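# Structural description and commentary
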There are 2 protein chains.
Amino acid sequence: MSKPTPISGFPEWLPPQRMIEQYVVDRIRSTFELYGFAPLETRAVEPLDQLLRKGETSKEVYVLRRLQAAADEPDDALGLHFDLTVPFARFVLENAGKLTFPFRRYQIQKVWRGERPQEGRYREFLQADIDIVDRDTLPPHYEAEIPLIIGDALGSLPIPPIRIQVNNRKIFEGYYRGLGLADPEAALRAVDKLDKIGPDKVAALLAETAGASDAQAKACLRLAEISAPDASFADAVRALGVEDPLLDEGLAELVRVMEAAAAHTPGLCVADLKIARGLDYYTGTVYETQLRGYERFGSICSGGRYDNLASSGADRFPGVGISIGVSRLLGLLFGAGALTTSRSVPTSVLVALPSEELRADCDRAATALRRRGIATEVSPTAAKYGKQIRFAERRGIPYVWFPGVDGAADTVKDIRSGEQVEAAPDAWTPPAQDLHPQVSGAG
Amino acid sequence: MSKPTPISGFPEWLPPQRMIEQYVVDRIRSTFELYGFAPLETRAVEPLDQLLRKGETSKEVYVLRRLQAAADEPDDALGLHFDLTVPFARFVLENAGKLTFPFRRYQIQKVWRGERPQEGRYREFLQADIDIVDRDTLPPHYEAEIPLIIGDALGSLPIPPIRIQVNNRKIFEGYYRGLGLADPEAALRAVDKLDKIGPDKVAALLAETAGASDAQAKACLRLAEISAPDASFADAVRALGVEDPLLDEGLAELVRVMEAAAAHTPGLCVADLKIARGLDYYTGTVYETQLRGYERFGSICSGGRYDNLASSGADRFPGVGISIGVSRLLGLLFGAGALTTSRSVPTSVLVALPSEELRADCDRAATALRRRGIATEVSPTAAKYGKQIRFAERRGIPYVWFPGVDGAADTVKDIRSGEQVEAAPDAWTPPAQDLHPQVSGAG
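Residues numbered from 1 in each chain as written. Chains lettered and ligands numbered in written order. Predicted model: local features only at pLDDT ≥ 70, side-chain atom pairs only at ≥ 80, totals over all residues. Heavy atoms only, no water.

### Brief notes about the overall build of chain A
The helix and strand tally for chain A stands at 14 helices and 19 strands. Counting only C-alpha atoms and orienting by the principal axes, one finds that chain A spans roughly 95 × 60 × 45 Å. Expressed as a percentage of its 443 residues, the buried residues of chain A come to 59%. Expressed as a percentage of contacts within chain A between residues at least 6 apart in sequence, the contacts between residues at least 24 apart total 70%. Both charge centroids of chain A, one from 52 positive and one from 61 negative side chains, sit 4 Å from each other. (Helix = DSSP H or I, 4+ residues; strand = E, 2+ residues; numbered from the N terminus. Buried < 20%, exposed > 50% of the residue type's maximum accessible area, 1.4 Å probe, protein only. Contact = heavy atoms within 4.5 Å. Lys, Arg positive; Asp, Glu negative; His and termini not counted. Charge placed at Lys NZ, Arg CZ, Asp CG, Glu CD.)

### Considerations on the side chain of His81 of chain A
Residue and element names in this part refer to chain A. Residue placement: His81 occurs in the loop between β4 (78-80) and α3 (85-95). Separated by 3.3 Å, the side chain of His81 and the backbone oxygen of Arg43 make a polar contact. In this structure, His81 is in contact with Thr42, Arg43, Ala44, Glu46, Leu51, Pro87, Gln109, Lys110, Val111 and Trp112, ignoring residues within four places of it in sequence. (Polar contact = N/O pair within 3.5 Å; in protein donor to acceptor, adjacent residues only side chain to side chain.)

### Describing empty space enclosed by the protein
Throughout the structure, instances matching the rule amount to four cavities of 30 Å³ or more. Glu41 and Ile108 of chain A together with Arg18, Glu41 and Ile108 of chain B are, among the 37 residues lining the largest cavity, the residues nearest its centre. Of all the secondary-structure elements, those providing two or more residues to the lining of the largest cavity are α1 (15-34), β5 (103-112) and β6 (124-133) of chain A together with α1 (15-34), β5 (103-112) and β6 (124-133) of chain B. Residues of the lining of the largest cavity, tallied by class, amount to 16 nonpolar, nine polar and twelve charged. (1 Å grid on protein atoms, 1.4 Å probe; cavity = no way out; pocket = protein on both sides within 12 Å on 5 of 7 lines; lining within 4 Å. Points joined across faces, edges and corners; volume = space filled by probe spheres on them. Nonpolar A, V, L, I, M, F, W, Y, C, P; charged D, E, K, R; others polar.)

### Considerations on unusual backbone geometry
The omega angle of the peptide bond from Phe101 of chain A to Pro102 of chain A is -5 degrees, so this bond is cis rather than trans. Relative to the helices and strands, Pro102 of chain A is located in the loop between α3 and β5. Positive phi, normally seen in glycine, also occurs at Asp406 of chain A, with a value near 55 degrees. Mapped onto the elements of the fold, Asp406 of chain A is located in the loop between β16 (399-402) and β17 (411-414). Residue Asp136 of chain B is not a glycine yet carries a positive backbone phi of 70 degrees. Relative to the helices and strands, Asp136 of chain B is located in the loop between β6 and α4 (141-155).

### A word on the sheet that holds β16 of chain A
Residues and elements named next belong to chain A. Sheet architecture is open: five strands sit in the order β15-β14-β16-β17-β18, paired in mixed fashion. Of all strands in the sheet, those with a lone pairing partner are β15 (376-378) and β18 (420-422), marking the two edges. When strand polarity is set aside, the average angle formed by the axes of neighbouring strands in this sheet is 25 degrees. With three bridges connecting them, strand β14 (residues 349-351) and β16 associate as parallel partners. Among the inter-strand pairings, Leu350 is bridged to a residue of β16, identified as Val400. On the sheet, helix α13 (residues 385-395) packs against β14, β15 and β16 and is oriented at approximately 145 degrees with respect to β16. (Pairing = 2+ DSSP bridges. Axes fitted to C-alpha atoms, helices over the stretch in contact; angles between N-to-C directions.)

### Examining the nonpolar core
Ranked by size, the top nonpolar core spans 90 residues in total, and within it Phe32, Ile150 and Phe233 of chain B carry the most contacts. When residues in this core are grouped by element, the largest group, eight residues, is from α4 of chain B. Beyond its immediate stretch of four places on either side in the chain, Phe233 of chain B contacts Ile171, Ile226, Ala228, Leu251, Leu254, Val255, Met258, Ala271 and Leu273 of chain B. Counting residues in hydrophobic clusters, the runner-up holds 89 residues, among them Val24, Tyr35, Leu188 and Phe297 of chain A. (Core = buried A, V, L, I, M, F, W, Y, C linked by side-chain atoms within 4.5 Å.)

### What about the packing of α1 of chain B against helix α11 (residues 326-335) of chain B?
Packed helices, taken two at a time, are described by their axes: the angle between them and the distance between them. All names here are of chain B. Look at α1 against α11: their axes get within 11 Å of each other, and the N-to-C directions meet at 135 degrees. Considering the angle they form, α1 stands oblique to α11. Crossing geometry of α1 relative to α11 is assigned as right-handed. Residue-level inspection shows Gln17, Ile20, Glu21, Val24, Val25 and Ile28 of α1 in contact with α11, the latter providing Val326, Ser327, Leu330 and Phe334. Tallied by class, residues from the contact of α1 with α11 come to seven nonpolar, two polar and one charged. (Parallel < 35°, antiparallel > 145°, perpendicular 65-115°, else oblique. Left-handed = near helix turned anticlockwise from the far one by under 90°.)

### Considerations on the environment of Asp410 of chain A
Residues and elements named next belong to chain A. Topologically, Asp410 is positioned in the loop between β16 and β17. Among the residues examined, Asp410 registers a relative accessible area of 16% and is labelled buried. Spatially, the C-alpha atom of Asp410 lies 59 Å from that of Leu78, the residues being 332 residues apart in sequence. Residues in contact with Asp410, not counting those within four places in the same chain, are Trp401, Phe402, Pro403, Gly404, Val421, Glu422, Ala423 and Pro425. Within the structure, Asp410 has its side chain in polar contact with the backbone nitrogen of Gly404 (distance 2.7 Å).

### Description of the interface of chain B and chain A
With 92 residues of chain B at the contact, the number on the chain A side is 93 residues. Together chain B and chain A conceal approximately 7900 Å² of surface at their shared face, both sides included; 58% is due to carbon and sulfur atoms. At the junction of chain B and chain A, the tally comes to twelve salt bridges. A salt bridge links Arg104 of chain A to Glu377 of chain B; its shortest N-O distance comes to 3.8 Å. The tally of links from chain B across to chain A stands at 32 residue pairs in polar contact (both at pLDDT 80 or more). At eight residues, α1 of chain B tops the list of elements feeding residues into the side of chain B that touches chain A. Taken together, the residues of the side of chain B that touches chain A sort by class into 44 nonpolar, 21 polar and 27 charged. Pairing between strand β3 (residues 62-66) of chain A and strand β3 (residues 62-66) of chain B: five bridges, direction antiparallel. Counted as the bridge partner of Arg66 of chain A is Tyr62 of chain B from β3 of chain B. (Buried area = accessible area lost by both parts, 1.4 Å probe. Salt bridge = Lys/Arg side-chain N within 4 Å of Asp/Glu carboxyl O.)

### Considering helix α5 (residues 169-179) of chain B
Residues and elements named next belong to chain B. Taking burial as the measure, the eleven residues of α5 include eight buried ones, the bulk of the element. Burial in α5 covers these residues: Arg169, Lys170, Ile171, Phe172, Gly174, Tyr175, Tyr176 and Leu179. Where the residues of α5 are buried, they touch β7 (162-168), α6 (184-191), α8 (214-225), α9 (233-238), α10 (245-264) and β10 (282-291). Where α5 starts, the residue carrying a side-chain oxygen 2.8 Å from the main-chain nitrogen of Lys170 turns out to be Asn168. A positive backbone phi angle near 90 degrees is found at Gly180, which sits one or two residues after α5.

### Here we look at the packing of aromatic side chains
Two aromatic rings, taken as a pair, are described by how far apart their centres are and by the angle between their planes. What the rule picks out here adds up to 29 aromatic pairs over all chains. Where Phe32 of chain B meets Phe37 of chain B, the ring centres are 6.4 Å apart and the plane angle is 55 degrees; that geometry is what we call tilted. By relative accessible area, Phe37 of chain B is classed as buried at 0%. Taken together, the ring pairs connect Phe32, Phe37 and Tyr106 of chain A into an aromatic cluster. Of note, Arg370 of chain A hangs over the ring of Tyr35 of chain B, and the distance from its end group to the ring centre comes to 3.7 Å. Here the basic side chain of Arg416 of chain B rests over the ring of Tyr399 of chain B, its NZ or CZ set 5.5 Å away from the ring centre. (Phe/Tyr/Trp six-rings, centres within 6.5 Å; stacked < 30°, edge-to-face > 60°. Lys NZ or Arg CZ within 6 Å of the ring centre and 35° of its normal.)

### What about the domain arrangement of chain A?
Residues and elements named next belong to chain A. Split into domains, chain A comes out as domain 1 (15-65 + 73-340) and domain 2 (349-441). Contacts between domain 1 and domain 2 engage seven residues on the former and five residues on the latter. Buried area between domain 1 and domain 2, both sides added, is near 480 Å², and the carbon and sulfur share of it is 64%. Linking domain 1 with domain 2 are zero salt bridges, by the criterion used here. Taken together, the links from domain 1 to domain 2 amount to one residue pair in polar contact (both at pLDDT 80 or more). For the side of domain 1 that touches domain 2, the elements supplying multiple residues, two or more each, are α1 and β13 (339-341). It is α1 that provides the largest number of residues to the side of domain 1 that touches domain 2, a total of three residues. (Domains from an automatic or database assignment.)

### Brief notes about the relation of the copies chain B and chain A
Superposing chain B onto chain A takes a rotation of 180 degrees combined with a translation of 0.0 Å along the rotation axis, leaving an RMSD of 0.0 Å. Look at the turn and shift together and you get a two-fold axis relating the two. It is Leu64 of chain B whose C-alpha, among those of chain B, lies nearest the rotation axis, at 2.4 Å. (Least-squares fit on C-alpha atoms with pLDDT ≥ 70 in both.)

### Here we look at the UniProt feature "binding site: L-histidine" (unreviewed entry) in chain A
Residue and element names in this part refer to chain A. Feature annotation in UniProt assigns "binding site: L-histidine" (unreviewed entry) to the following positions: Asp83, Leu84, Thr85, Arg113, Gln127, Asp131, Arg277, Tyr281 and Tyr282. Relative to the assigned elements, Tyr281 resides in the loop between β9 (269-272) and β10 (282-291). Summarising the element assignment, Tyr282 is placed in strand β10. Exposure remark for Tyr282: the relative accessible area of 8% places this residue in the buried category. In this view, Tyr282 contacts Arg169, Arg277, Gly303, Gly304, Arg305 and Tyr306; residues no more than four positions away in its chain are not counted. (UniProt positions renumbered as here; feature names shortened; annotations may be inferred.)

Below you can see the structure in the form of structure tokens.
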């Protein structure tokens with residue numbers, strides 16, 4: 001084999017980074033379970049026609065074919081899923097009779113998109129999703145619960161604090177309707193480009209695609225300018241003088257989200273009325289999330305409420321969900337050198353090998369340590385002790401165990417401090433902070 | 001959307017089964033880490049030419065293409081990996097300069113094969129692999145360590161006990177050479193079919209493909225008949241009267257594996273001299289694993305030593321590894337009804353909702369419980385308490401928390417026993433066995 005090279009857009013972490021990723025995923029998962037979310041994994045593939053229901057995503061899909069497919073094989077094309085929401089909606093419809101509603105599930109899996117790779121944008125990446133779906137109707141209190149869960153999950157990690165930007169699609173739609181715009185969807189798509197193209201071009205786009213007058217375009221931009229760390233955003237919207245029942249509903253729902261967040265974690269949420277989320281299946285609250293100090297990274301956790309994603313005939317399952325972009329978050333923090341681990345292996349103790357003949361004795365000591373939950377390796381060879389200690393040092397293994405020879409007691413050495421004490425493998429335990437690798441933020 | 005249907009060969013578990021799968025994967029991972037294996041994930045794709053290096057697997061590969069690939073896009077075809085060994089060997093070659101050797105890694109990921117689906121055989125399935133590779137040479141004691149790790153990993157689960165069948169390719173090759181067979185590889189491929197086609201057809205195949213005489217074919221079959229729960233297999237082989245230095249080396253290595261296993265877990269391993277493993281990259285010890293009482297399932301955990309899988313120019317990384325077929329194991333045990341979980345959600349406590357106005361109080365109680373690691377949900381609606389209790393019952397949630405109203409103390413009820421006690425959300429803790437769902441074997 002010639003020396004292989006990386007494939008652009010398909011990141012692979014070295015073991016220390018993978019240890020950090022596992023730590024992060026374990027913490028996220030643990031928080032999701034504390035909130036009662038049940039685990040789910042869906043298959044990596046969906047029928048291509050399901051993936052293409054939304055035309056705008058079609059360019060991102062990887063299609064599969066069996067290398068040796070027969071010419072007469074039926075055309076049941078499969079593609080790799082590009083998110084976890086579409087497969088989840090399909091799973092709910094397929095298994096509705098076997099699930100209990102409201103159904104809370106989390107799902108932590110790879111997804112694939114054939115996009116052009118760039119910093120923090122991959123073709124294969126890991127997402128951690130939660131969704132709550134109910135049959136027929138979904139009470140709005142679930143929209144207020146989502147930010148608390150994300151606040152706890154990401155707040156438990158050694159990463160910069162987050163700020164969740166929230167908005168509500170009903171505010172947009174009600175406000176645009178109240179303004180007299182005939183095509184609120186077109187107006188939303190124009191305003192969604194605000195950060196990318198600026199207010200002047202958005203105003204032109206509003207005129208062109210949504211038929212907005214100058215005054216209407218200005219009113220749309222004024223709404224998008226509103227941002228507040230508390231429920232005061234509602235007064236600012238009302239001061240614009242637009243009236244519509246759907247607008248009132250959206251304002252009340254967003255006030256509830258802001259109040260629940262303030263009671264749980266002050267400063268966690270900000271009402272930001274330009275947040276739209278491009279995907280057209282959202283119908284209520286929408287979320288984006290920034291890492292404070294890393295706002296240039298864009299959103300690392302996004303989602304919203306959807307009423308029409310999972311429906312079939314008379315069955316309708318409205319839901320609300322959010323997705324943490326784990327690979328994106330870690331790729332950006334690894335790039336900034338902002339996450340480290342105390343060692344590159346799980347191993348806490350290396351059992352030194354006095355001679356190859358004594359390997360069985362060393363294995364017994366290692367077994368006794370492992371039985372009590374202490375990750376242990378036995379030295380690969382009976383090299384000089386100095387060389388065996390360097391083996392541990394290079395990996396960050398904190399302790400070397402020296403089996404007593406000729407009736408002497410075993411000893412264990414902290415190779416960082418040099419301290420060495422007598423110890424028995426069925427009794428000695430390292431300090432808690434040395435039992436597992438420690439993950440910490442930079443500085 | 002019309003009601004979706006399953007895709008053959010792509011299994012999906014319902015949440016209770018996924019909870020069992022996670023429990024199983026957590027225990028396996030924990031054992032791997034106790035032995036010092038570092039985690040790794042590789043991308044799902046490899047260049048197609050790498051996947052096709054072994055011609056016999058080519059029919060199983062899924063090839064990817066971007067749906068919107070431009071006509072002039074360079075032809076850099078990618079396929080989904082069909083195992084975790086080939087990607088690992090590639091990763092080692094690609095990153096050798098950044099790794100420390102011997103390198104112990106575990107890898108728990110989905111793999112894909114375009115095979116015809118059948119019971120226990122999937123097109124998408126989860127594998128849990130460990131491998132140890134070293135630079136240039138790999139001491140044989142690692143071949144003896146692998147069964148101990150698997151014994152601990154699978155022995156920690158509520159599944160039937162396992163039996164690991166071990167053999168060594170050097171015994172085959174040395175014995176066939178000692179017999180005077182010119183093409184030991186062809187003889188091995190014939191004997192590998194013993195379980196499928198029986199001794200008469202194997203004898204015919206040995207004559208046809210390996211040029212064996214009647215006496216040579218009989219001698220090959222006699223070797224394959226040898227099986228022993230201890231190192232006595234070596235005497236049985238020597239009694240056949242074939243002499244070869246490679247045979248002696250293989251016997252010594254296999255004796256070592258059997259002795260190490262007997263010292264660690266009596267009865268764990270059996271030397272079974274018909275085990276060959278079809279994949280042609282194995283060069284030393286080979287492993288297969290049966291669940292006792294479920295031998296008809298075939299092997300649920302297989303692997304072996306390979307000397308030539310990861311090599312490039314002068315760089316050579318011999319290794320030994322084994323792979324637990326997690327989906328296969330669980331699919332068969334689920335099918336037999338042999339694994340259950342005590343509830344279908346992680347939730348330990350449901351906080352009942354006296355009225356929608358009191359939701360903020362209920363959220364505070366839930367937060368206090370979660371802060372101490374107790375998975376808690378708040379009731380979706382302020383229905384009658386009987387209905388809220390049934391919500392918990394249907395999911396197997398053991399406790400319902402009743403917030404005190406008008407100054408009364410909170411109470412918590414074990415809805416299995418009916419016992420109800422006063423409790424404070426920042427102090428009460430459920431018994432340890434109710435904190436997390438319990439996974440257990442049948443009967």
